[in-house]
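Given next are the chains, with one letter for each unit.
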Amino acid sequence: EADIYQTPRYLVIGTGKKITLECSQTMGHDKMYWYQQDPGMELHLIHYSYGVNSTEKGDLSSESTVSRIRTEHFPLTLESARPSHTSQYLCASSAGDRGHSPLHFGNGTRLTVT
Amino acid sequence: GESVGLHLPTLSVQEGDNSIINCAYSNSASDYFIWYKQESGKGPQFIIDIRSNMDKRQGQRVTVLLNKTVKHLSLQIAATQPGDSAVYFCAEILNNQFYFGTGTSLTVIP
């Protein structure tokens, strides 16, 4: 079982609110990722980081930001939540040895924006 | 982006039978592949991986086969159990980027 933790597990919030989804891993992995997943759908990359102070945008990054101040922590912030943000958000990490390391996922945050 | 597709969206098998889940990938340059299992309400769980220099890899009750000629990946689960019921999807890794398919929902009938 991978040691990657996401909080909260469930969140219901009103439109326009600012929210931060937390993700921490205790494996010392350099690479961390945020994915969005709707039911029955594939994962879409939002942001990723290859190390401290390094962040990159994925396919769905335009309405969110991330930070990587510490190796173990990779929070995702939505500045102004909208109903279209309702989804499951999955955080993942990997050891990052030239791409031949699997992603280890947390159990996700299920976000509902009303 | 890359296309990683699964042949069947749903699969039902009798408990004790073997299951085969298929995946097609589009880029012959992809050098690493992973199968994940995702149970309801949980994040994807790593099952088994295979590098492009291999054709077959076995784990506990699972085998992954890679056919680079037709760009096809399969996951075989032996003696399927009720606890195997989940969504299974493959990931294709190219240039350190992961590309995921939508998944196949496996239902095990007791």
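**Student:** Give me the lowdown on unusual backbone geometry, citing residues and values where you can.
**Tutor:** A:Pro8 follows A:Thr7 through a cis peptide bond whose omega is -10 degrees. Here A:Pro8 lies in the loop between strand 1 (4-7) and strand 2 (10-13). In the Ramachandran plot, B:Lys71 falls in the positive-phi region, its phi being about 55 degrees despite a non-glycine side chain.

**Student:** An account of the interface of chain A and chain B is needed here, citing residue identities and associated values.
**Tutor:** Counting residues at the interface gives 23 residues for chain A and 20 residues for chain B. Buried area between chain A and chain B, summed over both chains or domains, comes out near 1700 Å², and the portion from carbon and sulfur atoms is 50%. Counting across the interface, chain A meets chain B through zero salt bridges. At the boundary of chain A with chain B, the tally comes to seven residue pairs in polar contact (both at pLDDT 80 or more). Mapped by element, the contributors of at least two residues to the side of chain A that touches chain B are strand 4 (31-37), strand 5 (43-51) and strand 9 (87-94) of chain A.

**Student:** Pulling in residues and values, what's your account of the environment of A:Gly16?
**Tutor:** Residue and element names in this part refer to chain A. Structurally, Gly16 can be placed in the loop between strand 2 and strand 3 (19-25). C-alpha of Gly16 to C-alpha of Ser101: the two residues are 85 residues apart in sequence and 38 Å apart in space. When neighbours within four sequence positions are excluded, Gly16 is seen to be in contact with Glu79, Ser80 and Ala81.

**Student:** Got a sec to walk through the nonpolar core? Specific residues and values, please.
**Tutor:** Within the largest apolar cluster, 20 residues are counted, with the highest numbers of intra-cluster contacts made by B:Trp35, B:Leu73, B:Leu75, B:Tyr88 and B:Leu106. Listed by contribution, the elements that provide at least two residues to this core are strand 2 (10-14), strand 3 (19-25), strand 4 (32-38), strand 5 (45-51), strand 7 (62-67), strand 8 (72-77), strand 9 (86-94) and strand 11 (104-109) of chain B.

**Student:** Which residues make up the sheet that holds strand 1 of chain A, and what are the values?
**Tutor:** All names here are of chain A. The strand order 1-3-8-7 describes an open sheet built from four strands, whose pairing is antiparallel. Of all the strands in the sheet, the pair left with one neighbour each is strand 1 and strand 7 (64-66). Each strand axis lies, on average, 15 degrees off the axis of its neighbour in the sheet, ignoring direction. Inspection of the sheet shows strand 7 paired to strand 8 (residues 76-78) by three bridges, in the antiparallel sense. Looking at strand 8, one finds that Val66 is bridged to Leu76.

**Student:** Can you lay out the environment of A:Tyr50 for me, pointing to particular residues and giving the numbers?
**Tutor:** With respect to the helices and strands, the residue A:Tyr50 is situated in strand 5. For A:Tyr50, a relative accessible area of 32% gives the class partly exposed. Through-space distance from the C-alpha of A:Tyr50 to that of A:Ala95 is 9.7 Å; in sequence the pair is 45 residues apart. Beyond its immediate chain neighbours, meaning those up to four positions away, A:Tyr50 contacts A:Asp30, A:Lys31, A:Tyr33, A:Arg68, B:Asn96 and B:Gln97.

What counts as what
- Residues numbered from 1 in each chain as written.
- Chains lettered and ligands numbered in written order.
- Predicted model: local features only at pLDDT ≥ 70, side-chain atom pairs only at ≥ 80, totals over all residues.
- Heavy atoms only, no water.
- Helix = DSSP H or I, 4+ residues; strand = E, 2+ residues; numbered from the N terminus.
- Contact = heavy atoms within 4.5 Å.
- Buried area = accessible area lost by both parts, 1.4 Å probe.
- Salt bridge = Lys/Arg side-chain N within 4 Å of Asp/Glu carboxyl O.
- Polar contact = N/O pair within 3.5 Å; in protein donor to acceptor, adjacent residues only side chain to side chain.
- Core = buried A, V, L, I, M, F, W, Y, C linked by side-chain atoms within 4.5 Å.
- Buried < 20%, exposed > 50% of the residue type's maximum accessible area, 1.4 Å probe, protein only.
- Pairing = 2+ DSSP bridges.
- Axes fitted to C-alpha atoms, helices over the stretch in contact; angles between N-to-C directions.

Remember, this is a structural readout, not a statement about activity or role.
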